[in-house]
Amino acid sequence: MSSSRNLVVLLPVLLLQQLLASFTFPIAKYGLAVVEPFTFAFYRYLISSVIFIAVVWWQKNEHPIERPDRIKLFGMGVLIIIFNQTLYLYGQSLTSAGHAALLFATVPLWIFLMAIVHLRERPTWQRAAGLIMALIGVIIVILTGAIEIGSEYLFGDLVILAAAITWAGYTVLGKPLVGKYGAFRVTAWALVSGSVAYFPFGLYRAMNCDYSAVTTQAWLSVIYVAVGTSVAAYALWYWLLKQMEASRLAVFQNLQPIIASAVAFVMLQEPLGWSFVIGGAIVLGGVVITEV
């Protein structure tokens with residue numbers, strides 16, 4: 001299947017995955033306003049782990065995961081749960097949804113570099129140019145009025161940046177295993193093992209959390225991030241990674257700040273301006289250049 005035809009077939013899945021992931025930023029921000037971040041994380045991991053275990057048990061795959069790969073999957077689980085998602089939830093509680101979306105827009109850059117080194121993917125000038133153009137578009141969206149700028153966000157932004165880099169590492173390290181065991185199994189093993197490592201600390205925080213201000217909407221926020229993000233968006237991301245080079249797929253992640261900023265405008269009243277339209281057009285141009 002040619003590259004262009006393959007993209008046409010994959011495009012609906014790509015857009016669905018990006019849409020699910022983009023809603024994470026404003027929806028998580030809403031829930032984190034009333035749920036302590038480490039408690040939020042505990043329930044998120046608990047719900048998603050139950051779903052993963054149930055589906056994997058139902059599938060009853062006859063091809064067992066080899067012991068060395070189990071160790072790799074556990075390491076990936078610690079990386080994604082402890083150093084990516086827990087840091088993300090903590091950082092998101094300290095900064096705006098738009099800031100988080102911007103910093104996660106640097107993920108394609110980290111994936112691009114890591115894929116060259118770890119996966120030996122061949123860099124091309126076209127892909128590099130598209131990536132740079134998309135990043136410029138995101139920067140225009142953020143720095144010229146799409147979100148509020150302030151030093152009070154600095155620490156939260158640094159935490160989010162660390163989470164973004166670990167997501168890139170999780171993506172690149174998982175690609176060989178996805179081809180071997182499938183997207184859902186790899187996602188399930190990684191997230192469940194990471195959740196087990198987090199469980200004692202998370203349970204302690206959940207037992208000592210003040211739930212008096214937690215609303216139904218906040219619990220719905222937890223459920224969405226658990227099911228929509230951890231299960232659906234993560235599994236689709238690895239499924240797409242099985243079909244495409246990591247550096248190629250990564251460029252599409254630059255769509256997330258555009259979608260997330262639009263959603264944040266509607267849900268959280270975070271401001272937008274003409275820079276959003278201009279920057280968004282540049283982001284789309286960068287994606288097109290990469291795929292032409």
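Caption draft 1: A look at the overall build of the protein chain. Along the backbone of the protein chain there are 12 helices and 0 strands. Shown N-terminal to C-terminal, the secondary structure of the protein chain runs as helices and strands in the order α-α-α-α-α-α-α-α-α-α-α-α. Once local pairs closer than 6 in sequence are excluded, the contacts in the protein chain between residues at least 24 apart make up 91%.

Caption draft 2: Quick peek at the side chain of Gln18. Locating Gln18 in the fold gives a position in helix α1 (residues 3–32). When its relative accessible area of 1% is taken as the criterion, Gln18 is described as buried. Of note is the side chain of Gln18, whose polar atom sits 2.7 Å from the side chain of Gln17. Ignoring any residue separated from it by four or fewer positions in sequence, one finds Gln18 in contact with Trp237, Phe252, Gln253, Leu255, Gln256 and Ile259.

Caption draft 3: Local environment of the nonpolar core. Counting 63 residues, the largest nonpolar core has Tyr88, Phe104, Tyr170 and Tyr238 as its most contacted members. For this core, the element with the most residues is helix α7 (residues 154–181), which contributes 10 residues. Contact partners of Phe104, with chain neighbours within four places excluded, come to Phe25, Asn84, Tyr88, Ile160, Ala163, Ala164, Trp167 and Gln253.

Caption draft 4: Layout of empty space enclosed by the protein. Taken as a whole and assessed by the stated rule, the structure comprises 1 cavity of 30 Å³ or more. Each pocket or cavity is described by its volume, and for the largest cavity that value is around 180 Å³. Along its surface, the largest cavity is lined by 15 residues, and Ala21, Phe104, Thr229, Tyr234 and Gln256 are the ones closest to its centre. Looking at the lining of the largest cavity, the elements that each hand over two or more residues are α1, α3 (67–92) and α9 (216–243). Here the lining of the largest cavity is composed, by residue class, of 8 nonpolar, 7 polar and no charged.

Caption draft 5: Fine view of a nonpolar patch on the surface. A contiguous nonpolar surface patch, about 460 Å² in accessible area, is contributed by Leu46, Val50, Phe199, Leu203 and Met207. When residues of the nonpolar patch are traced back to their parent elements, those giving at least two are α2 (37–59) and α8 (183–207). With 3 residues, the top contributor of residues to the nonpolar patch is α8. Here Leu203 shows up in helix α8.

Caption draft 6: Focus on the side chain of Thr24. With respect to the element layout, Thr24 can be found in helix α1. Reaching out from Thr24, the side chain makes a polar contact with the backbone oxygen of Leu20 at a distance of 3.4 Å. Here the side chain of Thr24 touches Ala21 through a polar contact of 3.0 Å, landing on its backbone oxygen. Leave out the neighbours within four places in its chain, and Thr24 touches Lys29, Tyr88, Tyr224, Val225 and Thr229.

Caption draft 7: Structural detail: the packing of aromatic side chains. By the definition in use, this model includes 15 aromatic pairs. Arranged with centres 5.2 Å apart and planes meeting at 55 degrees, the rings of Phe52 and Phe184 form a pair that is tilted. Residue Phe52 is found in helix α2, and its partner Phe184 is found in helix α8; the two are separated by 132 residues along the sequence. Residue class for Phe52 comes out buried when judged on its relative accessible area of 1%. Plain terms: the ring middles of Tyr170 and Tyr238 are 5.0 Å apart, the flat faces sit at 35 degrees to each other, and that makes the pair tilted. Taken together, the positions of Tyr170 in helix α7 and Tyr238 in helix α9 put the pair 68 residues apart, joining distant regions of the chain. Side by side, Tyr170 and Tyr238 carry an identical accessibility label, which is buried.

Caption draft 8: The arrangement of the pattern of salt bridges in detail. Evaluation of the coordinates by the stated rule reveals 4 salt bridges. Glu36 serves as the salt-bridge partner of Arg205, at 2.7 Å between the closest nitrogen and oxygen. Of this pair, Arg205 sits in helix α8 while Glu36 is found in the loop between α1 and α2, placing the two residues 169 residues apart along the sequence. Of the residues examined, Arg205 reaches a relative accessible area of 27% and is grouped as partly exposed. Under the relative-accessibility criterion, Glu36 is labelled partly exposed at 21%. Close ionic contact of Lys180 with Asp69 constitutes a salt bridge, the shortest N to O distance being 2.8 Å. Of the two residues, Lys180 sits in helix α7 while Asp69 sits in helix α3, which places them 111 residues apart along the sequence.

Caption draft 9: Broad picture of the environment of Val283. Here Val283 shows up in helix α12 (residues 274–291). Placed 31 residues apart in sequence, Val283 and Phe252 show a C-alpha to C-alpha distance of 9.3 Å.

The rules behind the values
Residues numbered from 1 in each chain as written. Predicted model: local features only at pLDDT ≥ 70, side-chain atom pairs only at ≥ 80, totals over all residues. Heavy atoms only, no water. Helix = DSSP H or I, 4+ residues; strand = E, 2+ residues; numbered from the N terminus. Contact = heavy atoms within 4.5 Å. Buried < 20%, exposed > 50% of the residue type's maximum accessible area, 1.4 Å probe, protein only. Polar contact = N/O pair within 3.5 Å; in protein donor to acceptor, adjacent residues only side chain to side chain. Core = buried A, V, L, I, M, F, W, Y, C linked by side-chain atoms within 4.5 Å. 1 Å grid on protein atoms, 1.4 Å probe; cavity = no way out; pocket = protein on both sides within 12 Å on 5 of 7 lines; lining within 4 Å. Points joined across faces, edges and corners; volume = space filled by probe spheres on them. Nonpolar A, V, L, I, M, F, W, Y, C, P; charged D, E, K, R; others polar. Patch = residues over 30% accessible without salt bridge, like charges linked within 9 Å, V, L, I, M, F, W, Y side chains within 5 Å. Areas by Shrake-Rupley, 256 points an atom, 1.4 Å probe, with all protein chains shown as cover. Salt bridge = Lys/Arg side-chain N within 4 Å of Asp/Glu carboxyl O. Phe/Tyr/Trp six-rings, centres within 6.5 Å; stacked < 30°, edge-to-face > 60°.

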